[in-house]
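# Residue-level structure breakdown
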Amino acid sequence: MPLTPTTTPPFLAVLVRGLFAGLIAGLLAGGFAYVAGEPHVEAAIAIEEAATHAEPATGAHDHGDALVSRTGQRGGLFLATGLFGAAMGGLLATAYVLLSRRRRAEDDGRSGLLLAGAALLGVVIVPFLKYPANPPAVGDPATINQRTVTYLLMVVLGLVAVWAGSLGYRSVGAQAPPWLRAAAAVGGFLLVTAVAYVVMPSFEEVPSTFPATLLWNFRLASLGTQVVLWTGIGLLFAALMHHERRRRAATALPGT
Amino acid sequence: MSSSASSQPVVHPAGSTRLLWTALATVVVLALLTYLVAFDQGAVSRSGTYLHELMHDGRHLLGVPCH
Ligand SMILES: [Zn+2]
């Protein structure tokens, strides 16, 4: 007897939907960043320019003949968020397929949304609270390599924390009360996150003269950009997979 | 073997191995794309820092360390 009327969709079909959902969500996130974030980027660059012009000319780097104009960089924002979104959507789709082999029930779109939520938590929120986004003029160029490596490590640790949360949830038996399972999930997640925050180095590189409100507004806009991106990926991917499943169900059962 | 095995080719070991390799290749390609957008300083793209500069604002607003 057949297990289900529909088979799992092929990997490529899921991947294409993930890439597409990511591209569209990335462009939406770019729109949000353009409106909510660009004014703060401009303000920060004005501060940066003022600082470099006040200093004696070192000749280390020259902002005068920029490779890409500011207009080009504002347009490049959409290229960056679009491509980044497509990459994230593709990775989400890959994780979806690999994890779906363990899933017993037919997916009704919930697991796509759940996965996007887990990614938002592990890839964005956990790293952000340790290493928040910085506008231009904040950050010491001498530590860029260290900051990049520790940031990537923090993304990995964020995913480990989410995994520890799901492990905690599943380690408590299904017959246990829901609050206990939720507590085990939160406990596993917080344990890994707390250890990561303590172990990982901190960087105190905000110039004392940098306006605190500008820093706050920029960081809020940056976090908002990622929230729009992952919410968009989750919703679009779930909708596309739902549509795909209905299409396959319709072709699999032509008589009924 | 029952007849259901031939009518429902869902997941069998050979297809599973191929799926894992395809998934691995996909992850590598997408990781490279992410690197080009978010972290490249021109070393891999060999475009100098043109791409780096073009996607500069995106990097800051996506929260990736930039400079
Ligand atoms: Zn920058």
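Residues numbered from 1 in each chain as written. Chains lettered and ligands numbered in written order. Predicted model: local features only at pLDDT ≥ 70, side-chain atom pairs only at ≥ 80, totals over all residues. Heavy atoms only, no water.

Attention now goes to the overall build of chain A. Helix and strand counts for chain A come out as 7 helices and 0 strands. Element order for chain A, N to C, with α for helix and β for strand: α-α-α-α-α-α-α. For chain A, the proportion of its 256 residues judged to be buried stands at 42%. (Helix = DSSP H or I, 4+ residues; strand = E, 2+ residues; numbered from the N terminus. Buried < 20%, exposed > 50% of the residue type's maximum accessible area, 1.4 Å probe, protein only.)

Now for the overall build of chain B. From N to C terminus, chain B includes 4 helices and 0 strands. For chain B, the sequential pattern of α-helices and β-strands runs α-α-α-α. By the burial criterion, 37% of the 67 residues in chain B qualify as buried. Roughly 3700 Å² of accessible area belongs to chain B as shown, and the carbon and sulfur atoms make up 68% of that amount. (Areas by Shrake-Rupley, 256 points an atom, 1.4 Å probe, with all protein chains shown as cover.)

Our focus in this paragraph is the pattern of salt bridges. All names here are of chain A. Taken as a whole, this structure holds 8 salt bridges over all chains when the rule is applied. Note that arginine 70 and glutamate 38 form a salt bridge whose closest N and O atoms lie 3.5 Å from each other. Of the two residues, arginine 70 sits in helix H3 (residues 70-100) while glutamate 38 sits in helix H2 (residues 38-54), which places them 32 residues apart along the sequence. Two residues, glutamate 42 and arginine 70, come together in a salt bridge whose shortest N-O distance is 2.8 Å. (Salt bridge = Lys/Arg side-chain N within 4 Å of Asp/Glu carboxyl O.)

Contact residues are listed per partner, giving 53 residues for chain A and 33 residues for chain B. The tally of links between chain A and chain B comes to 1 salt bridge. Among the salt bridges present, the one from B:Asp57 reaches A:Arg70, with a minimum N-O distance of 2.9 Å. Taken together, chain A and chain B are joined by 5 residue pairs in polar contact (both at pLDDT 80 or more). Going through the elements one at a time, helix H1 (11-36), H2, H3, helix H5 (144-171) and helix H7 (212-252) of chain A are the ones with two or more residues in the side of chain A that touches chain B. No other element matches H3(A), which puts 18 residues into the side of chain A that touches chain B. Residues belonging to the side of chain A that touches chain B are distributed by class as follows: 31 nonpolar, 16 polar and 6 charged. (Contact = heavy atoms within 4.5 Å. Polar contact = N/O pair within 3.5 Å; in protein donor to acceptor, adjacent residues only side chain to side chain. Nonpolar A, V, L, I, M, F, W, Y, C, P; charged D, E, K, R; others polar.)

This next bit is on the side chain of B:Asp57. Among the secondary structure elements, B:Asp57 is positioned in helix H4 (residues 56-62). Judged by relative accessible area, B:Asp57 falls into the buried class, the value being 0%. B:Asp57 has contacts with A:Glu38, A:Val41, A:Arg70, A:Gln73, A:Arg74 and A:Leu77, leaving out every residue within four places of it along the chain.

The next thing to look at is the domain arrangement of chain A. Residues and elements named next belong to chain A. As far as domains go, chain A holds domain 1 (1-138 + 209-256) and domain 2 (139-205). The interface of domain 1 with domain 2 comprises 13 residues on the first partner and 17 residues on the second. Of the roughly 1300 Å² buried at the junction of domain 1 and domain 2 (both faces included), carbon and sulfur atoms supply 68%. Sorting the residues of domain 1 by area buried against domain 2 places Val126, Lys130 and Tyr131 first, and these three jointly supply 47% of that buried surface. (Domains from an automatic or database assignment. Buried area = accessible area lost by both parts, 1.4 Å probe.)

With that settled, consider the packing of aromatic side chains. All names here are of chain A. Within this structure, the stated rule accounts for 4 aromatic pairs over all chains. A ring pair is formed by tyrosine 34 and phenylalanine 78, whose centres lie 5.7 Å apart and whose planes are at 40°; its orientation type is tilted. Here tyrosine 34 is found in helix H1, whereas its partner phenylalanine 78 is found in helix H3, with 44 residues between them in sequence. Given a relative accessible area of 29%, phenylalanine 78 falls into the partly exposed group. (Phe/Tyr/Trp six-rings, centres within 6.5 Å; stacked < 30°, edge-to-face > 60°.)

A few words now on the confidence of the model for chain A. Residues and elements named next belong to chain A. Across chain A, pLDDT averages 88, with 88% of residues at or above 70. A low-confidence stretch, residues 1-6 stays under pLDDT 50, and its non-local contacts, those more than four residues away or across chains, total 11 contacts. Below pLDDT 50 for its whole length, residues 57-64 participates in 3 contacts with residues either more than four positions away or in separate chains. (pLDDT = per-residue confidence, 0-100.)

Right, let's get into the side chain of B:Thr34. Locating B:Thr34 in the fold gives a position in helix H2 (residues 13-38). A polar contact is formed between the side chain of B:Thr34 and the backbone oxygen of B:Leu30, at a distance of 2.7 Å.

A few words on the environment of A:Glu244. Residue and element names in this part refer to chain A. Considering the arrangement of structural elements, one finds glutamate 244 in helix H7. By relative accessible area, glutamate 244 is classed as buried at 2%. The spacing of glutamate 244 and arginine 17 is 227 residues in sequence and 9.3 Å in space, taken between C-alpha atoms. Once residues within four sequence positions are removed from consideration, glutamate 244 is found in contact with Pro9, Ala13 and Arg17. Among the polar contacts made by the side chain of glutamate 244, one reaches the side chain of arginine 17 at a distance of 3.0 Å.

This paragraph deals with the packing of H5(A) against helix H6 (residues 178-199) of chain A. To describe two helices that pack against each other, one gives the angle between their axes and the distance between the axes. Residue and element names in this part refer to chain A. At a closest axis distance of 7 Å, the pairing of H5 and H6 adopts a crossing angle of 155°. The orientation of H5 relative to H6 falls into the category roughly antiparallel. Judged by the sense of rotation from one axis to the other, the crossing of H5 with H6 is right-handed. Across the interface between the two elements, Met154, Leu157, Val160, Ala161, Val162, Ala164, Gly165, Gly168, Tyr169 and Arg170 from H5 touch Arg181, Ala182, Ala184, Ala185, Gly188, Phe189, Val192, Thr193, Ala196 and Tyr197 from H6. (Axes fitted to C-alpha atoms, helices over the stretch in contact; angles between N-to-C directions. Parallel < 35°, antiparallel > 145°, perpendicular 65-115°, else oblique. Left-handed = near helix turned anticlockwise from the far one by under 90°.)

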